[in-house]
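Letter by letter, the chains look like this.
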Amino acid sequence: MAAIPLTTDPAVIDAALIAHRRYGDADLGVALRVDDAGVIPLLLAHRSVRAFGSAPLDDAVVDTLVAAAQSASTSSNLQSWSVVVVRDPAHKDAVATLAGDQQFIRDAPLFLVFVADWARGVGLARGRGEASEGIGFLDSTLVATVDAAIAAQNTIVAAEALGLGAVFVGAVRNNPGELAELLGLPAASFPVVGVAIGEPAADDASEIKPRLPQAVVRHDERYRVADREALEVYDRTLRGFNASQGRTGGWIESVVARVRSRSALHGRDRLRGVLTERGLPSD
């Protein structure tokens, strides 16, 4: 790990340490401003937690998380999303089976499924004797999907602010038709992403995973192709991080594995057909 610059200014020390933990050896001198409220340190300290304690979350916590989700930005205030709260162990087990059969979903006291939801809009239109042609286009699918994703991100930030751990679960799209049926989702809606939430287990060893250097993802004024050396540096950084977490491999091979064939989609290559079946053809 690169050394943290020595300084007598506590704010600078904190910012340098936060940047280093976020980027690892690939931080390349990123300068940060740290706010007094602690929002930026909270955001930059995000880590995915997949080991949860068994303590249940009370109703006030769930209400708070949903309120945080509803406080997220939403396109034209359409609020074209919903969230299904799953706490019953048997129901959560059935959901987990369809979402990659991942044990941590069963272990988490709370599992939220964020839904792209045009069903409300269709119902309102029909109630006034109007058509709902507009939901059949790709932009409408994107609007509802983005709304749901932003709401889910707000939820994770709120959960971490309460001292909880959380992780996104994209595997809710592995079997979206079956999951929609299990959750009782109406036509014109589909599951976008899940979030498992709970108190981190006492033996949880997850750490902040280094991200790509800003020089790779940041494009000032015009897009430019990523520097191969920067990608290699990050690959080595992540490979070292993975080794510290008991995992193998680096970043480049995981990206290649994801893009080279449809098998890596774990059934999500069928999503377009499922959307059409659910009344969202996305033309």
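Refer to the structure presented above.
These numbers were taken from a predicted model, which means no experiment stands behind them. (Residues numbered from 1 in each chain as written. Predicted model: local features only at pLDDT ≥ 70, side-chain atom pairs only at ≥ 80, totals over all residues. Heavy atoms only, no water.)

Participant: For the overall build of the chain, give the residues involved together with the corresponding values.
Facilitator: A tally of helices and strands in the chain yields 12 helices and four strands. Since a compact globule built from 283 residues should have a radius of gyration of about 19 Å, the 21 Å found for the chain is in line with a globular shape. The principal-axis extents of the C-alpha atoms in the chain amount to approximately 70 × 45 × 35 Å. The buried share among the 283 residues of the chain stands at 40%. Counted over contacts in the chain with a minimum sequence separation of 6, partners at least 24 positions apart contribute 74%. Element-wise, carbon and sulfur atoms account for 54% of the exposed surface of the chain, whose accessible area totals about 15500 Å². (Helix = DSSP H or I, 4+ residues; strand = E, 2+ residues; numbered from the N terminus. Rg over C-alpha atoms; globule rule 2.2 N^0.38 Å. Buried < 20%, exposed > 50% of the residue type's maximum accessible area, 1.4 Å probe, protein only. Contact = heavy atoms within 4.5 Å. Areas by Shrake-Rupley, 256 points an atom, 1.4 Å probe, with all protein chains shown as cover.)

Participant: With reference to specific residues and values, describe the packing of helix α4 (residues 89-98) against helix α8 (residues 176-183).
Facilitator: Where α4 meets α8, the axes come as close as 9 Å, and the angle between the chain directions of the two elements is 170°. With respect to each other, α4 and α8 are oriented roughly antiparallel. The two elements α4 and α8 meet at a crossing, and its hand is left-handed. Where α4 abuts α8, its residues H91, A94, V95 and L98 lie against E178, L179, L182 and L183. (Axes fitted to C-alpha atoms, helices over the stretch in contact; angles between N-to-C directions. Parallel < 35°, antiparallel > 145°, perpendicular 65-115°, else oblique. Left-handed = near helix turned anticlockwise from the far one by under 90°.)

Participant: Can you explain the layout of surface pockets? Please cite residues and give values.
Facilitator: Here the largest pocket defines a volume of roughly 780 Å³. Lining the largest pocket are 23 residues, with S48, R50, K209, R211 and S254 sitting closest to its centre. Elements that contribute at least two residues to the lining of the largest pocket include exactly α10 (228-244) and α11 (251-259). Ranked by residue count, the leading element in the lining of the largest pocket is α11, at three residues. (1 Å grid on protein atoms, 1.4 Å probe; cavity = no way out; pocket = protein on both sides within 12 Å on 5 of 7 lines; lining within 4 Å. Points joined across faces, edges and corners; volume = space filled by probe spheres on them.)

Participant: Account for the sheet that holds strand β4 (residues 189-198), with residues named and values stated.
Facilitator: Here we have four strands laid out as an open sheet, ordered β1-β2-β4-β3, and antiparallel in their pairing. Two strands lie at the open edges of the sheet, namely β1 (81-86) and β3 (165-169), each paired on one side alone. The average angle at which neighbouring strand axes cross in this sheet is 25°, direction not considered. Along the sheet, helix α7 (residues 138-161) makes contact with β1, β2 (110-117), β3 and β4, crossing β2 at roughly 155°. Packing of α8 onto the sheet brings it into contact with β1, β2 and β4, and relative to β4 it is tilted by some 75°. (Pairing = 2+ DSSP bridges.)

Participant: An account of the packing of aromatic side chains is needed here, citing residue identities and associated values.
Facilitator: The geometry of two aromatic rings is summed up by the distance between their centres and the angle between their planes. Summed over the entire model, instances satisfying the criterion amount to two aromatic pairs. Plain terms: the ring middles of W81 and F114 are 5.9 Å apart, the flat faces sit at 35° to each other, and that makes the pair tilted. Of this pair, W81 sits in strand β1 while F114 is found in strand β2, placing the two residues 33 residues apart along the sequence. As far as the burial class goes, W81 and F114 line up, both buried. Judged by centre distance (5.5 Å) and plane angle (75°), the rings of Y234 and W251 are edge-to-face. Of this pair, Y234 sits in helix α10 while W251 sits in helix α11; the two residues are 17 residues apart in sequence, bridging distant segments of the chain. Accessibility expressed as a relative area gives 4% for Y234, which makes it buried. (Phe/Tyr/Trp six-rings, centres within 6.5 Å; stacked < 30°, edge-to-face > 60°.)

Participant: Which residues make up the packing of helix α3 (residues 59-70) against α7, and what values go with them?
Facilitator: Relative orientation of the contacting elements α3 and α7 amounts to 135°, with a least axis distance of 7 Å. In terms of axis orientation, α3 runs oblique to α7. The way α3 lies across α7 gives a crossing that is right-handed. Residues L65, A68 and A69 of α3 form the contact with α7, whose own contacting residues are A151, N154, T155, A158 and A159. Residue classes in the contact of α3 with α7 are distributed as six nonpolar, two polar and no charged. (Nonpolar A, V, L, I, M, F, W, Y, C, P; charged D, E, K, R; others polar.)

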